[in-house]
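Below are the chains, spelled out letter by letter.
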Amino acid sequence: MEIIRATRLPQQAAAHYVRIQGMARQHQISLDEEFDEHDTAETKYIVAMDNYLPVATCRLYAIDEDHVMLGRIVVLQEYRHQGLGTRVVRAAEEWAKELGFKVSVLESRDDKLPFYEQMGYVADETRVSVGTFRCVHMEKRL
């Protein structure tokens, strides 16, 4: 399994493929809802590749000069529980540190809180709606 920084269009398309398969298709989320104002030319993506097939992804973009938002973290259903979620998040954090960010922010669904807590993220009491999901604001110092 290879974890890559999606810096070229075909690699970014791979990230979008995972999101379409893992979120739009599985949770019946419209493409307009899945692909939002944060999917821009400046947005960064991490992709896990199983040979030629993209199987996991994470999106990252600047909130401000110190804070980076990680999101749209998706692992295709048949690849879950193999550590890929951890690997794409860690790769995103490493890239964010190289870019000079000091704090990683994400908004976790309630059922995913333990996953992010074991990676060092701390939840606060802020609840947000992210599309069709209710989420909890979490942060981690990089």
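For the structure itself, look to the data block above.
Since the structure is predicted, the reported quantities are computational estimates derived from the model, not experimental observations.

All right, on to the pattern of salt bridges then. Counted according to the given criterion, the structure contains 12 salt bridges. One salt bridge in this structure joins E93 and R90, with 3.4 Å as the shortest N-O distance. In this pair, E93 and R90 are both assigned in helix α3 (residues 84-98), three residues apart and thus about one turn of the helix distant. Assessed through its relative accessible area of 36%, R90 is described here as partly exposed.

Now for α3. When the terminal C-alpha atoms of α3 are compared, their 21 Å separation across 15 residues agrees well with the 21 Å that a helix rising 1.5 Å per residue should span. Within α3, the full set of buried residues consists of L84, G85, V88, V89, A91, A92, E93, W95 and A96. Here the buried face of α3 lies against β1 (2-5), β2 (44-50), β3 (53-62), β4 (67-75), α4 (113-117) and β7 (133-141). One or two steps after α3, the chain reaches G100, where phi turns positive at roughly 100°.

Attention now goes to the packing of aromatic side chains. Summed over the entire model, instances satisfying the criterion amount to two aromatic pairs. Arranged with centres 4.8 Å apart and planes meeting at 75°, the rings of F115 and Y116 form a pair that is edge-to-face. For the ring pair Y116 and Y121, a centre distance of 6.2 Å and an interplane angle of 80° mean the geometry is edge-to-face. The rings of F115, Y116 and Y121 are connected pair by pair, giving a single aromatic cluster.

Moving on to unusual backbone geometry. Positive phi values are uncommon outside glycine, yet N51 reaches one of about 60°. Along the chain, N51 turns up in the loop between β2 and β3. According to the relative accessible area criterion, N51 is exposed, its value standing at 68%.

Bringing the layout of surface pockets into the picture now. Considered as a void within the structure, the largest pocket measures approximately 990 Å³ in volume. For the largest pocket, the lining is made up of 40 residues, of which I73, V74, R109, K112 and Y116 are closest to its centre. Of all the elements in the fold, those that place two or more residues in the lining of the largest pocket are α1 (9-27), α2 (31-34), β3, β4, α3, β5 (103-109), α4 and β7. Per-element tally for the lining of the largest pocket: the top contributor is β4, with seven residues. Among the residues making up the lining of the largest pocket, the classes are represented as 16 nonpolar, 13 polar and 11 charged.

One turn of an α-helix holds 3.6 residues; hence residues three or four places apart share an orientation. If you check α1, its first and last C-alpha atoms are 26 Å apart, about what 19 residues at 1.5 Å a residue would give, namely 27 Å. In α1, a bend of some 35° at I20 exceeds every other bend along the element. Along α1, the residues classified as buried are Q11, A14, A15, V18, R19, G22, M23 and A24. The first or second residue beyond α1 is Q28, which carries a positive phi of 55°.

Conventions used here
The numbers attached to residues start from 1 for each chain and follow its sequence in the written order. Per-residue local features of the predicted model are confined to residues with pLDDT of at least 70, and side-chain atom pairs are confined, for both listing and counting, to 80 or more; whole-chain, interface and lining totals are unaffected and use all residues. Side-chain measures here rest on the full set of heavy atoms in the structure, leaving out hydrogens and waters. Whenever Lys or Arg places a side-chain nitrogen within 4 Å of a carboxyl oxygen from Asp or Glu, that contact is recorded as a salt bridge. Each helix corresponds to a stretch of at least 4 residues labelled H or I by DSSP, and each strand to a stretch of at least 2 residues labelled E; elements are numbered beginning at the N terminus. Relative accessibility decides the category of a residue: with a 1.4 Å probe and only protein chains considered, values under 20% of the type maximum give buried, values over 50% give exposed, and everything between is partly exposed. For a helix, the expected span equals 1.5 Å multiplied by the residue count minus one. Working rule for contacts: check all heavy atoms of both residues, and any pair within 4.5 Å makes them a contact. Two aromatic rings from Phe, Tyr or Trp, using only the six-membered ring of Trp, form a pair when their centres are within 6.5 Å; if the ring planes differ by under 30 degrees the pair is stacked, by over 60 it is edge-to-face, and anything between is tilted. Cavities and pockets were defined on a 1 Å grid built from protein atoms only: a cavity is a group of points that admits a 1.4 Å probe but offers it no way out, a pocket is an open group of points flanked by protein on both sides within 12 Å along at least five of seven lines, and a lining residue is one with an atom within 4 Å of any such point. Grid points are joined across faces, edges and corners, and a volume is the space filled by probe spheres set on the points. Residue polarity follows a fixed list, in which Ala, Val, Leu, Ile, Met, Phe, Trp, Tyr, Cys and Pro are nonpolar, Asp, Glu, Lys and Arg are charged, and the others, Gly among them, are polar. At every residue, the bend is computed as the angle between two fitted axes, covering the seven residues ending there and the seven beginning there respectively.

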